[in-house]
Protein chains: 2
Amino acid sequence: MALGKDYTGQDCSLSRGLELLGERWTLLVVQNALYGVRRFNDFQVRLDIPKAVLSDRLTRLTEGGVLEKRRYQPSPPRYEYLLTAAGVELWPVIYSLSVWSHRNIGGEPPRLFRHAACGSGLLPSSDCPECGRIEPGEVEMYPGPGPKRDDPVSRAMNRPRRLLEPVVPE
Amino acid sequence: MALGKDYTGQDCSLSRGLELLGERWTLLVVQNALYGVRRFNDFQVRLDIPKAVLSDRLTRLTEGGVLEKRRYQPSPPRYEYLLTAAGVELWPVIYSLSVWSHRNIGGEPPRLFRHAACGSGLLPSSDCPECGRIEPGEVEMYPGPGPKRDDPVSRAMNRPRRLLEPVVPE
DNA sequence: CAGGGTGGGTTCAATGAACGAACCGAGGTA
DNA sequence: TACCTCGGTTCGTTCATTGAACCCACCCTG
């Protein structure tokens, strides 16, 4: 973790995970990648994060194997950051922490999730209560009662859609 | 989050959770509380964390309803920090992030976990593959192949034991 | 009753991130 | 020619972390 020093001396897997994921903003970047955000500018607009910090987080997540940077058009050169398989596996972690926060801190969720195939809401583990374990691509997100940000990226994200489906602002 | 500023402007539950749990060291404190660490000095010895930071994190977790501070003897006054019900609910989050880290970053785990009643290893969700959802108190931890710290608290923690069972060093 | 040990902290100077505004360069577009 | 967008980098200020030193109430020992 670039915060001060690393967690050397800790003996658990968790500390190694936190070196990569535990910095400020990092998990929110991954969450938005799961929601379909892919481009530098879209992350920046949606998160209101200093560009230098976003640049650092995207680089570290790419080096850490969570994201993959890809040029999606040759000219002018434009890039997108896609979740790797390892990155997609963070969905249960992020979802269960969101559920914990909603239950134990409060606030209305701006987005809800259900199994697209059967319509059931998800368990805190991100499993479907009817069908058991499901992949993020089978999860549909749709607007909930909570407040939403009002920027082009957030507006595009609030239309009902699958996880990982690319966000297209405007 | 005391890191710079808070995540005001974010619209998701996750950002509220990260304000409480997302700072450096915080999730490691909760993890050790699940492993049975309860006292200021024991956290400090086991984590090698600056005392000022530990003090801050314990205070914030207490204010946030994750820990409860209790005097366990009147004279000399001595305190312990116990997980609340909300704190115990963080076990699946912490376990699933540990499993992710082990799988995607590597390293040998110093501690393993199984359902005490049936002996099965846990799923990444912290459920038992045989029995389904289980409580942290039903989970037994025992030494794994990975390296272990060598301090009195860590040694006491490496004896096979239930989650939440108080650590007694010496 | 003086001296030392323990638990649970606080204080402080130095270091290192985060912030936000400004800037930049390549490639469109009017 | 001038301006816009995307994807950044640079830089001075602010804020958190670090580690060493200190503190105090209470116990124990000689």
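Model, not experiment: these values are computed from the prediction.

A.B. asks: Is there a simple way to think about the overall build of chain A in this case?
C.D. replies: Looking only at helices and strands, chain A has 7 helices and 5 strands in total. Going from N to C terminus, chain A has its helices and strands arranged as α-α-α-α-β-β-α-α-β-β-α-β. By its C-alpha atoms, chain A is 45 × 40 × 30 Å across when sized along the principal axes. Of all intrachain contacts in chain A linking residues separated by at least 6 positions in sequence, the fraction that spans at least 24 positions is 53%.

A.B. asks: When you look at the side chain of A:Asp151 in this model, what are you seeing that I'm missing?
C.D. replies: Residues and elements named next belong to chain A. With respect to the helices and strands, the residue aspartate 151 is situated in the loop between strand 4 (139–143) and helix 7 (152–157). Polar side-chain contacts of aspartate 151 include one of 2.7 Å to the backbone nitrogen of serine 154. In contact with aspartate 151, other than residues within four places in its own chain, are Val45 and Arg46.

A.B. asks: I would appreciate a short explanation of the sheet that holds strand 4 of chain A in the present structure.
C.D. replies: In a beta sheet, neighbouring strands are held together by backbone hydrogen bonds and run either parallel or antiparallel to one another. Residues and elements named next belong to chain A. An order of 3-4-5 is seen for the 3 strands of this open sheet, with the pairing classed as antiparallel. Strands at the two margins of the open sheet, each flanked by one partner only, are strand 3 (111–115) and strand 5 (161–162). Pairing analysis gives 5 bridges linking strand 3 to strand 4, with the strands arranged antiparallel. If you follow arginine 111 over to strand 4, its bridge partner there is proline 143.

A.B. asks: Can you walk me through the packing of helix 6 (residues 91–104) of chain A against helix 6 (residues 91–104) of chain B in this structure?
C.D. replies: Any two packed helices are characterised by how steeply their axes cross, that is the angle between the axes, and by the distance between the axes. Running from amino to carboxyl end, helix 6 of chain A crosses helix 6 of chain B at an angle of 165°, the nearest separation of the two axes being 9 Å. When the axis of helix 6 of chain A is compared with that of helix 6 of chain B, the two are roughly antiparallel. Crossing angle aside, the handedness with which helix 6 of chain A passes helix 6 of chain B is left-handed. Here A:Val93, A:Ser96 and A:Leu97 of helix 6 of chain A lie close against helix 6 of chain B, whose contacting residues are B:Val93, B:Ser96 and B:Leu97.

A.B. asks: Just checking my understanding: could you explain the UniProt feature "domain: HTH hxlR-type" (unreviewed entry) in chain A for this structure?
C.D. replies: Feature annotation in UniProt assigns "domain: HTH hxlR-type" (unreviewed entry) to the following positions: residues 12–109 of chain A. Structurally, residues 12–109 of chain A is divided into 58% helix and 13% strand, and its ends, taken at the C-alpha atoms, are 32 Å apart.

A.B. asks: Just checking my understanding: could you explain the sheet that holds strand 3 (residues 111–115) of chain B for this structure?
C.D. replies: The antiparallel open sheet is built from 3 strands, whose spatial order is 3-4-5 (chain B). Of all the strands in the sheet, just strand 3 and strand 5 (161–162) of chain B have a single pairing partner and so form its edges.

A.B. asks: How should I be thinking about the nonpolar core in this particular structure?
C.D. replies: Among soluble globular proteins, nonpolar side chains are generally buried collectively. Core analysis: the largest hydrophobic core is formed by 90 residues, its most contacted members being A:Val66 and B:Val66. Those residues within four positions of A:Val66 in sequence are excluded, and the remaining contacts are A:Leu20, A:Leu21, A:Val30, A:Leu61, A:Leu82, A:Leu83, A:Thr84, A:Gly87, A:Leu90 and B:Trp100.

A.B. asks: Help me understand the confidence of the model for chain A in this model?
C.D. replies: This prediction gives chain A a mean pLDDT of 93; 95% of its residues lie at or above 70. pLDDT under 50 marks residues 1–5 of chain A. Its contacts with residues more than four places away, or in other chains, come to 14 contacts.

A.B. asks: For this particular structure, what's the right way to read the interface of chain A and chain B?
C.D. replies: One frequently used descriptor of interface size is the decrease in accessible area upon assembly of the parts. Facing the 50 residues of chain A at the interface are 50 residues of chain B. Buried surface at the junction of chain A and chain B, both sides included, amounts to about 4300 Å², of which 59% is carbon and sulfur. When the buried surface of chain A facing chain B is broken down by residue, A:Asp11, A:Arg24 and A:Trp100 rank first, second and third, together holding 18% of it. The interface formed by chain A and chain B includes 2 salt bridges. The partner of B:Arg103 in a salt bridge is A:Glu89, and the shortest N-O contact between them spans 2.9 Å. Applying the counting criterion to the chain A and chain B interface returns 9 residue pairs in polar contact (both at pLDDT 80 or more). Of all the secondary structure elements, the ones that give two or more residues to the side of chain A that touches chain B are helix 1 (13–21), helix 2 (26–34), helix 3 (40–47) and helix 6 of chain A. Broken down by element, the side of chain A that touches chain B gets its largest block of residues, 10 residues, from helix 6 of chain A. Taken together, the residues that form the side of chain A that touches chain B break down as 23 nonpolar, 15 polar and 12 charged.

A.B. asks: What is the right way to read the pattern of salt bridges from this model?
C.D. replies: If charged atoms from side chains of opposite charge come close, those side chains can pair. All names here are of chain A. Applying the stated rule across the entire model yields 17 salt bridges over all chains. Note that arginine 38 and glutamate 80 form a salt bridge whose closest N and O atoms lie 3.8 Å from each other. Pair noted here: arginine 38 is in the loop between helix 2 and helix 3 and glutamate 80 is in strand 2 (residues 78–83), with a separation of 42 residues, a long-range link. Residue class for arginine 38 comes out partly exposed when judged on its relative accessible area of 24%.

A.B. asks: Explanation requested: the state of the cysteines in the structure shown.
C.D. replies: Each disulfide consists of a covalent bond between the sulfur atoms of two cysteine residues. Residue and element names in this part refer to chain B. Summed over the entire model, instances satisfying the criterion amount to 0 disulfides over all chains. Cysteine 128 provides the cysteine sulfur closest to cysteine 131, a residue in no disulfide bond, and the two sulfurs are 3.6 Å apart. Owing to a relative accessible area of 43%, cysteine 131 belongs among the partly exposed residues under this scheme.

How each quantity is defined
- Residues numbered from 1 in each chain as written.
- Chains lettered and ligands numbered in written order.
- Predicted model: local features only at pLDDT ≥ 70, side-chain atom pairs only at ≥ 80, totals over all residues.
- Heavy atoms only, no water.
- Helix = DSSP H or I, 4+ residues; strand = E, 2+ residues; numbered from the N terminus.
- Contact = heavy atoms within 4.5 Å.
- Polar contact = N/O pair within 3.5 Å; in protein donor to acceptor, adjacent residues only side chain to side chain.
- Pairing = 2+ DSSP bridges.
- Axes fitted to C-alpha atoms, helices over the stretch in contact; angles between N-to-C directions.
- Parallel < 35°, antiparallel > 145°, perpendicular 65-115°, else oblique.
- Left-handed = near helix turned anticlockwise from the far one by under 90°.
- UniProt positions renumbered as here; feature names shortened; annotations may be inferred.
- Core = buried A, V, L, I, M, F, W, Y, C linked by side-chain atoms within 4.5 Å.
- Buried < 20%, exposed > 50% of the residue type's maximum accessible area, 1.4 Å probe, protein only.
- pLDDT = per-residue confidence, 0-100.
- Buried area = accessible area lost by both parts, 1.4 Å probe.
- Salt bridge = Lys/Arg side-chain N within 4 Å of Asp/Glu carboxyl O.
- Nonpolar A, V, L, I, M, F, W, Y, C, P; charged D, E, K, R; others polar.
- Disulfide = S-S within 2.5 Å.

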